[in-house]
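Below, each chain spelled out in residue letters.
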Amino acid sequence: MPDWIAKLLQEWPLVAAAPIPFAIGFVGIAVVISLAVAWSYRKRADRPLLDHGDRPGRATAAEVNADALERMVALTIGSRWTPLNEAEIAALSTRLTDIPKIRVQIMYENALGKELAQSFYEAFKLAEWGGAALGIGSGLGHGVTIGQGSGTATIALKSAIEATSQVKVAIVRPDKPQWPGVVFLAVGINSS
C-alpha cells in the first residue's frame, strides 16, 4: 500500500471528527485546481490563431484586429474629406447667385471635414450670401447632408453642390417641410 494512503488512514479519525473544515478545504483546493486548468485551456485555445496564421486562407490575430480597428475608425471618425478646389468653389458660387438667399448654417463633424465645410463657406461668401455661417456641429451622421425638408432652397442648394463638384448630398427628412428662412449644410463623417 502506498505511503500516502497509509498516512490518510492513520489521520482518518481526525477528519471524521471535523468533517466541515475538511470539506471546505477539499472544495477550496478543487476550485483552485479547476481555475488553473481553465486558465491553461483558454491560453492554449487562443494559441492556434496566433501560431498558425501563416497558413493559406487564415488571417493572423493582428490582421483580424487591424481590420476591425479600420472598420471602427471608418465608422466613428471617418477619413479626410477632399475640399472643393478653386474651380469648384467658383462654379458653386456662380450657381448660388441664382438661388434666393436665406440663412445657411454650414457645419462639420470633426477636423477631417473642416476643410470641405470651409470651402463651401467660401463659395457662399463669394456669392454674397450674408446669412452663411460656419461652425462645428455634432451628431451630423455620415456623408454630406442638407435640410431640413425638401423645400425649394434645399433642393436648389443640393443640385448646385452636386452639379459643381463630386460631392453627393443627401436631404435630411425630405418628408418634412423646410424650415422657414434657414437651411443647414452638414459635413458629417466620411466613412467611404
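Here's a quick rundown of the structure. Keep in mind the model is a prediction, meaning the values are calculated, not measured.

For the rest of this paragraph, the subject is the sheet that holds strand β1 (residues 103-108). Ordered in space as β2-β1-β5-β3-β4, the five strands form an open sheet in which the pairing is mixed. Taken across any chain shown, the strands that pair with only one partner, and hence form the sheet edges, are β2 (132-136) and β4 (169-171). When the angles between neighbouring strand axes are averaged without regard to direction, this sheet yields 20 degrees. Pairing of β1 with strand β5 (residues 182-187), which is carried by six bridges, proceeds in the parallel orientation. When the bridges of β5 are listed, Ile-106 appears paired with Leu-185.

A few words on the pairing of β5. β5 sits mainly inside the fold: six of its six residues count as buried. As judged from the four bridges shared by strand β3 (residues 144-147) and β5, these two strands associate in the antiparallel manner. Bridging from a neighbouring strand, Gly-147 pairs with Phe-184 of β5.

Core analysis: the biggest nonpolar cluster contains 28 residues, and Leu-96, Phe-120, Phe-124, Trp-129, Leu-157 and Leu-185 have the highest contact counts within it. At the level of elements, α4 (86-96), β1, α5 (111-126), β3, α6 (152-164) and β5 are the ones that each hand at least two residues to this core. With five residues, the single largest contributor to this core is α5. Not counting residues up to four positions away in its chain, the partners in contact with Phe-120 are Leu-84, Leu-92, Ile-106, Val-144, Ile-161, Val-167, Leu-185 and Val-187.

What follows is about the layout of surface pockets. One number sums up the size of the largest pocket: a volume of about 160 Å³. Forming the walls of the largest pocket are Trp-81, Thr-82, Pro-83, Leu-84, Glu-88, Ser-165, Gln-166, Val-167, Asn-190 and Ser-192. Here the residues of the lining of the largest pocket sort into four nonpolar, five polar and one charged.

Cut-offs used in this document
Residues numbered from 1 in each chain as written. Predicted model: local features only at pLDDT ≥ 70, side-chain atom pairs only at ≥ 80, totals over all residues. Heavy atoms only, no water. Pairing = 2+ DSSP bridges. Helix = DSSP H or I, 4+ residues; strand = E, 2+ residues; numbered from the N terminus. Axes fitted to C-alpha atoms, helices over the stretch in contact; angles between N-to-C directions. Buried < 20%, exposed > 50% of the residue type's maximum accessible area, 1.4 Å probe, protein only. Core = buried A, V, L, I, M, F, W, Y, C linked by side-chain atoms within 4.5 Å. Contact = heavy atoms within 4.5 Å. 1 Å grid on protein atoms, 1.4 Å probe; cavity = no way out; pocket = protein on both sides within 12 Å on 5 of 7 lines; lining within 4 Å. Points joined across faces, edges and corners; volume = space filled by probe spheres on them. Nonpolar A, V, L, I, M, F, W, Y, C, P; charged D, E, K, R; others polar.

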